[in-house]
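# Breakdown of the fold
Chain residues, written in single-letter form:
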Amino acid sequence: MANWVWVGSTFFLCLQWIVFRFSGAHLEPHWEALSAGMGIFGAAFILSWAAELAQKDIPQALAIALLALIAVLPEYAVDMYFAWSAGTDPQYTSYAMANMTGANRLLIGVGWAAVVITFWLKSGRKMIRLEPEHRIEIFYLGLATIYSFVIPFKARLDLMDAAVFIAIFVFYMRAAAKAAHVEPELEGPPALIERWGEGARRLITVLFFLFSGFTIFISAEPFAEGLLATGRTFGIEEFILVQWLAPLASESPEFIVAILFALRGQPGTSMGALLSSKVNQWTLLIGMLPVVFAVSAGRLDAMVLDQRQVEEMFLTAAQSLFGVAVLANLSFTLTEATVLFFLFSTQLLFTDAEFRYYYSIFYVLLAVGLVLVKKDARNGVFGLFSRAPAAQAVEKH
């Protein structure tokens, strides 16, 4: 019964927006943003169920590639809209960067930390361990993070950066495809649908993909523009709304699913999923921004970053560096999770540029200090680059 309530509630969130969208009704900007955001929220859940079901039927390599993209599709839809609009209106460049940096920092500062804290509250254990296979994600996240520090110094995001980030993503997918893949044990609505038989499961999987994709497609622009109009109406900085509220709508379902896995005693599964999403958002998402921008503009121009965007990019890269240092030893402690959450939450209280630099430098110092002080962290970092992670994963099996 609970599964049916969950499915019904999720579809209702999508349908309420579809009805508003095609009814011709005119909503106030804040109500339009809320309605479209709820549609994206519901569609993200349906996408996650479709992704789980799809793993039963499609080839392993394709499943890995598909799931990697599906997990962050709602986030991509909103950010690609901003990048496309920036091609004709430079003001939208700041919104594209705000959404991208906000999503990445939210994923580590809230998503990663929430898994450990939830598991601790449930079990009393103050540490979770990752499987050795996750060295693949940590390695490629490390590569992307190292390169990402180039962007703030150039103050631009161009097609060369796109080539580097997309190449890292492609190599990550190739490495992941060589690793052992275990068919998931379905729970919740996907488990319910699986019992209906192979034919019904495949049909519903396709319908789920189509329905959620359609909902996201018709929601991205109204949601983004609704947020901007809401900021103007109520005197709230648009950058802040785009940076935090937009990612909340697209990332929340993923966070909720990860927390549910932690409550079921599977924190490793939760962290694996969120870590993979981080790699995707820190490689393909960034890489696609200048590509979409150039196509929209009709010329090979770069996205020029102003001082605020440079600061946000530097801060996001620094947080990512600390995240890599934390997970390099394949463990994640309650203390480390608390530090991540504390640094993320407190930085929201300070809007001055100097504080963004203070936090950035502090993240970098913490990462360096962790590697220097903790032997297992040091060995983990050196181990990532001593031999190919894909080879380690294959060798293990």
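Conventions used here
- The written sequence of each chain sets the order in which its residues are numbered from 1.
- Only residues with pLDDT of at least 70 are given local features in this predicted model, and only at 80 or more are side-chain atom pairs given and counted; all residues enter the totals for whole chains, interfaces and linings.
- Hydrogen atoms and water are omitted, and side-chain values are computed over all heavy atoms in the structure.
- Each residue carries a pLDDT score, the predictor's confidence in it, ranging from 0 to 100.
- Residues are treated as being in contact if the distance between any of their heavy atoms lies within 4.5 Å.
- Only buried Ala, Val, Leu, Ile, Met, Phe, Trp, Tyr and Cys residues count toward a nonpolar core, and they belong to the same one when joined by side-chain atoms within 4.5 Å.
- Classification of residues uses two cut-offs on accessible area relative to the type maximum, computed with a 1.4 Å probe and protein chains only: under 20% is buried, over 50% is exposed, and between them is partly exposed.
- Secondary structure elements follow DSSP: runs of H or I of four or more residues count as helices, runs of E of two or more count as strands, with numbering from the N terminus.
- Salt bridge, as used here, is a side-chain nitrogen of Lys or Arg placed within 4 Å of a carboxyl oxygen of Asp or Glu.
- A helix is expected to span 1.5 Å multiplied by its residue count minus one.
- Nitrogen and oxygen atoms within 3.5 Å of one another constitute a polar contact, given that in protein one can donate a hydrogen and the other can accept it, and given that sequence-neighbouring residues count only through two side-chain atoms.
- Each patch is assembled from residues with relative accessible area greater than 30% and no salt bridge, linking like charges that lie within 9 Å and nonpolar side chains (Val, Leu, Ile, Met, Phe, Trp, Tyr) that lie within 5 Å.
- Calculation of accessible area relied on Shrake-Rupley with a 1.4 Å probe; when residues are assessed, cover is drawn exclusively from the protein chains displayed.
- Here, axes are lines fitted to C-alpha atoms. For helices the fit covers the stretch in contact, and angles between N-to-C directions go from 0 to 180 degrees.
- Here the angle decides the label: under 35 degrees means roughly parallel, over 145 means roughly antiparallel, 65 to 115 means roughly perpendicular, and every other value means oblique.
- Residue type decides the class: Asp, Glu, Lys and Arg count as charged, Ala, Val, Leu, Ile, Met, Phe, Trp, Tyr, Cys and Pro as nonpolar, and the leftover types, Gly among them, as polar.

Okay, the confidence of the model for the chain next. Per-residue confidence for the chain averages 85 on the pLDDT scale, and 90% of its residues sit at or above 70. Here residues 393-397 scores under 50 on pLDDT; set against residues more than four positions off or in separate chains, the count is nine contacts.

So, about the nonpolar core. The nonpolar side chains of a soluble globular protein tend to be buried, and buried together. Residues Phe 82, Trp 112, Phe 223, Leu 289, Leu 327 and Phe 332 are the most contacted members of the largest nonpolar core, which totals 116 residues. For this core, the element with the most residues is helix α5 (residues 91-123), which contributes 14 residues. If near-sequence neighbours (up to four positions away) are discounted, Phe 223 is found in contact with Ala 33, Ala 36, Gly 37, Ile 40, Val 78, Leu 245, Ala 246 and Ala 249.

Considering the arrangement of structural elements, one finds Thr 205 in helix α10 (residues 198-234). Note: C-alpha distance between Thr 205 and Ile 193 (twelve residues apart in sequence) is 9.2 Å. If sequence neighbours within four positions are ignored, Thr 205 has contacts with Ala 50, Leu 53 and Ala 54.

This part is about the pattern of salt bridges. The final tally for this structure, using the stated rule, is twelve salt bridges. A salt bridge links Glu 237 to Arg 308; the shortest N-O distance between them is 2.9 Å. Separated by 71 residues along the polypeptide, Glu 237 in the loop between α10 and α11 (238-263) and Arg 308 in helix α13 (residues 307-327) bring together distant segments of the chain. With relative accessibility at 39%, the residue Glu 237 sits in the partly exposed group. Of the charged contacts in the structure, one is a salt bridge between Arg 356 and Glu 312, with a shortest N-O distance of 3.9 Å. One end of the pair, Arg 356, is in helix α15 (residues 353-373); the other, Glu 312, is in helix α13, and 44 residues separate them in sequence. Like Arg 356, the residue Glu 312 is buried in the burial classification. Salt bridges linked by common partners bring Arg 105, Glu 237, Arg 308, Glu 311, Glu 312 and Arg 356 together as one network.

The next subject is α13. Helix length check: α13, at 21 residues, gives a terminal C-alpha distance of 31 Å against a target of 30 Å (1.5 Å per residue), a fit within 8%. Of all 21 residues in α13, 19 are buried; the element is thus mostly enclosed. At the N-terminal boundary of α13, the capping side chain belongs to Asp 306, with an oxygen 3.1 Å from the backbone nitrogen of Arg 308.

Attention now moves to a nonpolar patch on the surface. A grouping of Leu 203, Val 206, Leu 207 and Leu 210 is seen on the molecular surface, where their side chains present a nonpolar patch of about 390 Å² in accessible area. Following the sequence through the fold, Leu 203 ends up in helix α10. Owing to a relative accessible area of 52%, Leu 203 belongs among the exposed residues under this scheme.

The next point concerns the packing of helix α14 (residues 334-347) against α15. It is the contact of α14 with α15, at a shortest axis distance of 11 Å, that shows an interaxial angle of 170 degrees. Here α15 runs roughly antiparallel to α14, going by the angle between their axes. The segment α14 lies against α15, with Glu 336, Val 339, Leu 340, Leu 343, Phe 344, Thr 346 and Gln 347 engaging Tyr 359, Phe 362, Tyr 363, Leu 366 and Leu 370. Counted by class, the contact of α14 with α15 contains nine nonpolar, two polar and one charged residues.

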